[in-house]
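Architecture at a glance
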Amino acid sequence: MRYADGLSAPGALSTTSCTDSAETPGQKRPASHAFALGPSGQEPNTEIRNNVTPAAGSSRPADTRTTGVPMDAAERLVQKIETLSRMFTDAEPASLRTGYLADPSSGHPVLQGSTATALVPRWNAHPSGLLVPATSVPPAPIDLGAAYLTPDEIFGFELPADYAVRQLERLPLEGVIRFCARVLNALELPGVSVQAVEAHFAGEWLDEPVRSRVRNLLRDQTRRLLVPQALMLLARRAMEVSPDTVPDNLPDGDIVGALFNLTQTMGHYPDPGPNVITDRPGTLGREIIANQHFHRIWSVPGVLARYARRWLQLPAEHHGEPGMVDLSKTYQDCTGARLEDLAAVAGYLWLRTTMGRFVIEPGELADLTLPVERVESVMALIANDLPGMQEAVRTERPEQRTEWSFDPFQQWPVIRLPEDRLLVLDPRHLISRAFGWLPICDIEFPPPGRTKPTGHRQTAARAKQTLRHCSEVYVSEVLHAMTRDEGTTRRVYDDADLKAAYTAPGQRIADAAIDYPGTWIVIEVTTTQLRREAATAVPGASQIDDIDKLVDELDQIDATIAALRGDEAALTGAPAAGDRRFLPLLVLPEGFPVNPITLTVIRERARRKGLFPKPDTDPVEIVDIEELEMIEALQEASGPSLLDILRSKQSGSLCNAAVRDHILHVMRVRPDAPARHAGLLDSALKPLVNALPQPHQSPSTS
């Protein structure tokens, strides 16, 4: 079987069949087959053809003459055109019709009885009764979500529950993995919209009238055809049931139907839990947390910039300090691979995906200037072959498996195919694997066959602590850059300043405090992350345990607020000017799924613990490092301050959502990257640049 490896070529397994009969891969069925039929199997549009709207002001049926003689198709069409014409022009003076050009296009509603475009397309009523343009209505948290299409919407009927498995049993494993990779990589192409990708695959996979039905449904910007979770589940299920090869006499399986069948079965739970969330997320909350964690969005340039600073530069700058280690040297000692080689190889593979290629041909990596053995040392860490992936999937503990768990694909984001080809299933996993937190796992758990260095456990613990400390230092750098805290101006006070000011025995101290006019923002930085069980919605207490760890971090903020409230001058050297307010801010560099459920649970559990009891303290907020960098970029453009943004969020429609949601959807701004990222990107990409083959230059002639 031949496969298409690029994103612009037709997929080798793109079919539209919903039946168990044979079909040639890459071809669509005629519209008369199962996908083109309605729920009861009748021809499509039968009822629509026999249900023409009556003429305006008429009480007679639209499909008969006044004499009772049935109309033929041509007469019904003429009548319908006349009806539509009256709808558009009945209220319009004849002289007006030649005075302007109408734009009868989507998104440009006209006034009824006229072709005049409405100045305000839609109005919404506030609770006060005031009518305002719909475009001025702020978004609600539910508006941030998207709902995927299911088979009953796509085809008009549900598929059998075991449909996906039966189809995968007749599809070769490699073909299924290529299919999933093609779609996942298309969704991550730089500068390409999700809507464009979905329109492309809808046109490729579906026949009429299903194609038009789906395209109409996708006009709603909150609906989705392509679901990354379903594609990952399809890949995981294929590792369990798909054969290496399929006999020629066996009908081809329906891979598109298998994909949509998974969307039909996802997210069904017998007990959804409580409808009102207080101090526990419940079943629904557990799924929302896992959903948001899976779909978290990171800027790739931002990930690379932070990698350069946290993994490379800061450990070197703080060399010799207690507890600090050289992360590059430690990585090589524990894994046998160089950190810069990991960046070069993973960077090259990711670069190829941005060009629309998710399969790397044999010998491409040999063109890099790195020695073959060094490339292979990296590949031993981030790649696995199909049999190895099958074994990893099949040996997962059943009680740890959920619809959100894809551990083997995250550990090995590159899959070795036969004939020495390499496949990148999802570029997001590749970036996280090489440039995020995950290389620490390589240090903690060296590859099989690698002899651990002496004192490995202590070395791994120090490496993790080094990365934690560098993350905290990086946050401090962002805070200073954000507030332009330089020269004689002093607004950011770090933990060393706070410890020097407040020396009472047992005094707990936050990591930083920012002095704004009338308000202190008191900040605690923690690299605590959701454990695997919490991130993948494993039933149990893992999520609430992780949330309690964050609540424990709020103790330091509460104690620091009390110290500032009692004696601000001990820190600033000057008495407080009037009444002060306090805003607690928890910074999680590695991210956390902030939504109305998690924020409500954290605030409620903090309240029950007796934290922030005074009326001068605002509700606690949570941000990740990328959100701080968004605000840093806004400050560089003379935009609102951190305090302004947090205050406007707390009084806005997304007060219980993430800060990035408020910036993007309420403030409606898309900040550029901070200026300092440019130099950091150069540092992160330097290993890749050095490893790329240099173009041959012809000798100069005199």
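For every chain, the first residue of its written sequence is number 1, and the numbers climb from 1 along that sequence. Side-chain atom pairs in this predicted model are given and counted only at pLDDT of 80 or more, local residue features only at pLDDT of at least 70, and totals for whole chains, interfaces and linings cover all residues. Hydrogens and water molecules were not included; the side-chain quantities draw on all heavy atoms of the structure.

**So, the overall build of the chain**
So the rule is basically this: Note on conventions: DSSP H or I runs of at least 4 residues are helices, E runs of at least 2 residues are strands, and numbering of each starts at the N terminus. Accessibility here uses a 1.4 Å probe with only protein chains present; expressed as a share of the type maximum, an area under 20% marks a residue as buried, one over 50% as exposed, and anything in between as partly exposed. Here, residues are in contact when the closest pair of their heavy atoms is within 4.5 Å. Per-residue and other accessible areas were derived by the Shrake-Rupley procedure at a 1.4 Å probe size, with only the shown protein chains allowed to occlude residues.
Scanning the chain from terminus to terminus reveals 28 helices and 13 strands. In the chain, which comprises 702 residues, the proportion classed as buried is 47%. In the chain, the proportion of contacts linking residues at least 24 apart, taken out of those at least 6 apart, comes to 74%. Carbon and sulfur atoms form 54% of the exposed surface of the chain, whose accessible area is close to 33600 Å².

**Remarks on helix α15 (residues 386-394)**
Which entries qualify depends on this criterion: Under the rule applied, a polar contact is a pair of N or O atoms within 3.5 Å (in protein, one hydrogen donor and one hydrogen acceptor; residues adjacent in sequence only if both atoms are side-chain atoms).
Of the positions making up α15, those classed as buried are Leu386, Gly388, Met389, Gln390, Ala392 and Val393. Contacts from the buried residues of α15 go to α5 (173-187), α8 (228-241), β6 (383-385), α16 (407-411) and β7 (414-416). The N-capping residue of α15, defined by a side-chain oxygen 2.7 Å from the backbone nitrogen of Gly388, is Asp385.

**Concerning the side chain of Asp442**
Among the secondary structure elements, Asp442 is positioned in helix α18 (residues 439-444). Overall, Asp442 belongs to the buried group, its relative accessible area being 6%. Within the local environment of Asp442, its side chain forms a polar contact with the side chain of Tyr331, the two groups lying 2.7 Å apart.

**Describing the sheet that holds strand β5 (residues 359-360)**
Going by this rule: Two strands form a pair only when DSSP identifies at least two bridges running between them. Helix axes use the C-alpha atoms of the stretch in contact, all axes being lines fitted to C-alpha atoms, and the angles between their N-to-C directions lie in the range 0 to 180 degrees.
Strand order in the open sheet formed by four strands is β5-β8-β7-β6, with mixed pairing between adjacent strands. Of all the strands in the sheet, the pair left with one neighbour each is β5 and β6. Two strands pair when backbone bridges link them, and β7 and strand β8 (residues 422-424) are joined in this way by three bridges, in the antiparallel orientation. Bridging across to β8, Ile415 finds its partner in Leu423. With respect to the sheet, α5 is in contact with β5, β7 and β8, its orientation differing from that of β8 by roughly 45°. Each of β6 and β7 touches α15; the most contacted strand, β6, lies at about 95° to it.

**Structural notes on empty space enclosed by the protein**
The rolling of a water-molecule-sized probe over the atoms marks out the regions of remaining empty space. This is how the line gets drawn: Here a cavity denotes grid points, spaced 1 Å and computed from the protein atoms alone, that fit a 1.4 Å probe unable to get out, and a pocket denotes an open set having protein on both sides within 12 Å along at least 5 of 7 lines; residues with an atom within 4 Å of a point are the lining. Grid points are joined across faces, edges and corners, and a volume is the space filled by probe spheres set on the points. For this classification, Asp, Glu, Lys and Arg are treated as charged, while Ala, Val, Leu, Ile, Met, Phe, Trp, Tyr, Cys and Pro are nonpolar and the rest, including Gly, are polar.
Throughout the structure, instances matching the rule amount to four cavities of 30 Å³ or more. By volume, the second largest cavity is sized at about 50 Å³. Residue lining of the second largest cavity: Leu304, Ala343, Gly347, Trp350, Ile431, Phe435, Ala684, Leu685 and Leu688, and that is the complete set. Counting residues per element, the ones that place at least two in the lining of the second largest cavity are α13 (339-354), α17 (427-435) and α28 (677-691). A breakdown of the residues in the lining of the second largest cavity according to their chemical character gives eight nonpolar, one polar and no charged.

**A look at the pattern of salt bridges**
Any two side chains of opposite charge can pair if their charged atoms end up close together. Put simply, the test is: A side-chain nitrogen of Lys or Arg and a carboxyl oxygen of Asp or Glu constitute a salt bridge if their distance falls within 4 Å.
Counted by the stated rule, this structure contains 46 salt bridges. With its nearest N and O atoms 3.0 Å apart, the salt bridge here joins Arg397 to Glu399. For Glu399, a relative accessible area of 46% gives the class partly exposed. With a closest N to O distance of 2.9 Å, Arg608 and Glu604 form a salt bridge. Taken as a pair, Arg608 and Glu604 lie in helix α24 (residues 596-608) at a separation of four residues, close to a single helical turn.

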